[in-house]
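Structural overview for review
Letter by letter, the chains look like this.
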Amino acid sequence: KYKAKILQASTSEIYGNPLEHPQKENYWGNVNSIGPRACYDEGKRCAETLFHDYYRKHGLGIKIARIFNTYGERMAQNDGRVISNFIVQALKNEPVTVYGDGSQTRSFCYVSDMIESFIKLMDSDESFPGPVNLGNPDETSILEIAQKIIQMTGSNSKIIFKNLPSDDPVHRKPDITLAKKVLDWEPEVELEQGLVRTIEYFKKMIS
Ligand code: UDP
């Protein structure tokens, strides 16, 4: 009615357990449609479909952001994601729970960089509906993250290994060539810098 632009917060999960590395927007993904993560992955994939149907049929001003792993202040302590789990565990000197052997990788983007990319995406030309990958291509193994967080918090925590959840993607890293070109954006905050800020936040939260 108001010809409003609309953002879809899509996700790197639409690539499933990707067989291409790093992931470009034109990769169609590898999702197990009946697995335990599928409700999220397929839900987001279906949302992208509906957004593009409305764009084609009604010229709706859509913007699809494929958001890769993001972290920073104001994460919930208990939402189960890896950075918040590890920092809270390390600050409490509790065991740090690595799932699997920790060789799986993710690429973590600091929240302020992500927000900047949303603003640029919403301000981009109306002829650009996306999808566009938004994330930091700096790839790290989960074991490395655990070790780094223990060291940065000066914690006495030990690493323990737990079962890897099924369909946990082995590698994930965005190709952000498109975002650089169309949005003139790339992340600026390095992992170490972002972790310092996030650790400070959680210290205040749990003290
Ligand atoms: N993970 C872990 N320990 C935790 C929480 C997560 O080893 O306490 C692993 C998880 O198996 C995955 C990675 O860290 O390989 C990232 O998990 P998260 O849930 O943060 O994001 P996603 O899997 O959606 O990328």
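About the cut-offs
- Residues numbered from 1 in each chain as written.
- Predicted model: local features only at pLDDT ≥ 70, side-chain atom pairs only at ≥ 80, totals over all residues.
- Heavy atoms only, no water.
- Helix = DSSP H or I, 4+ residues; strand = E, 2+ residues; numbered from the N terminus.
- Expected span 1.5 Å × (residues − 1).
- Buried < 20%, exposed > 50% of the residue type's maximum accessible area, 1.4 Å probe, protein only.
- Arc of directions from axis to C-beta.
- Contact = heavy atoms within 4.5 Å.
- Near = heavy atom within 4 Å.
- Polar contact = N/O pair within 3.5 Å; in protein donor to acceptor, adjacent residues only side chain to side chain.
- Areas by Shrake-Rupley, 256 points an atom, 1.4 Å probe, with all protein chains shown as cover.
- 1 Å grid on protein atoms, 1.4 Å probe; cavity = no way out; pocket = protein on both sides within 12 Å on 5 of 7 lines; lining within 4 Å.
- Sits in = over half its atoms within 2 Å of the grid points.
- Nonpolar A, V, L, I, M, F, W, Y, C, P; charged D, E, K, R; others polar.
- Phe/Tyr/Trp six-rings, centres within 6.5 Å; stacked < 30°, edge-to-face > 60°.

**Description of helix α6 (residues 191–206)**
- Its 16 residues give α6 an end-to-end C-alpha distance of 22 Å, which sits within 8% of 22 Å, the value for a rise of 1.5 Å per residue.
- Taken together, the buried positions of α6 are occupied by Leu 191, Gly 194, Leu 195, Thr 198, Ile 199, Tyr 201 and Phe 202. Projected onto a plane normal to the axis of α6, the buried residues spread over an arc of 165° and lie on a single side.
- If you follow the buried residues of α6, they end up packed against β3 (70–71), α2 (82–91), β6 (109–110), β8 (139–141) and α4 (142–153).

**Thoughts on the site of the ligand**
- Around the ligand, the structure places 17 residues, and the nearest of them are Thr 97, Tyr 99, Arg 106, Asp 168 and Arg 172.
- One of the side-chain nitrogen or oxygen atoms of Asn 85 is found 2.8 Å away from an oxygen atom of the ligand.
- Measuring from an oxygen atom of the ligand, one finds a side-chain N or O atom of Asp 168 at 2.6 Å.
- Contact with the protein chains removes 89% of the 520 Å² of surface that the ligand exposes when unbound.
- A molecule is said to occupy a pocket when more than half its atoms come within 2 Å of that pocket's grid points, and by this definition the ligand occupies the largest pocket.
- Of all the elements in the fold, those that place two or more residues in the shell around the ligand are α2 and β4 (96–99).
- Looking at the shell around the ligand, its residues break down into six nonpolar, five polar and six charged.

**A short note on the environment of Ile 64**
- Locating Ile 64 in the fold gives a position in strand β2 (residues 62–67).
- Of the residues examined, Ile 64 reaches a relative accessible area of 0% and is grouped as buried.
- Not counting residues within four places of it along the chain, the set of residues in contact with Ile 64 comprises Gln 8, Ser 10, Glu 48, Phe 51, His 52, Leu 121, Pro 129, Gly 130, Pro 131 and Val 132.

**A closer look at unusual backbone geometry**
- For the peptide bond that leads from His 21 to Pro 22, omega is -10°, which places it in the cis range.
- Secondary-structure assignment places Pro 22 in the loop between β1 (6–11) and α1 (38–58).
- In this chain, Gly 130 is followed by Pro 131 through a cis amide linkage whose omega measures 5°.
- When you line up the elements, Pro 131 lands in the loop between α3 (111–122) and β7 (132–134).
- In the Ramachandran plot, Arg 74 falls in the positive-phi region, its phi being about 75° despite a non-glycine side chain.
- Structurally, the position occupied by Arg 74 is in the loop between β3 and α2.
- Of note, Asp 167 is a non-glycine position whose phi angle comes to about 65°, a positive value.

**Quick notes on the environment of Ala 9**
- Its place among the elements puts Ala 9 in strand β1.
- Along the primary structure Ala 9 and Tyr 27 are separated by 18 residues, whereas in three dimensions their C-alpha atoms are 18 Å apart.
- Once residues lying within four places of it in the same chain are set aside, the contact partners of Ala 9 are Lys 44, Ala 65 and Ile 67.

**Some details on the packing of aromatic side chains**
- Counted according to the given criterion, the structure contains five aromatic pairs.
- Both rings, one in Tyr 15 and one in Phe 68, keep their centres 6.1 Å apart while their planes meet at 40°; by these two values the pair is tilted. A residue pair is termed long-range when its members are at least 10 positions apart, and Tyr 15 in the loop between β1 and α1 and Phe 68 in the loop between β2 and β3 qualify at 53 residues. Considered together, Tyr 15 and Phe 68 belong to a single accessibility category, that of buried residues.
- The interplanar angle of 70° and the centroid separation of 5.3 Å between the aromatic rings of Tyr 201 and Phe 202 together place this pair among those described as edge-to-face. Considered together, Tyr 201 and Phe 202 belong to a single accessibility category, that of buried residues.
- Among the aromatic residues, ring-to-ring pairing joins Tyr 15, Tyr 27 and Phe 68 into one connected group.

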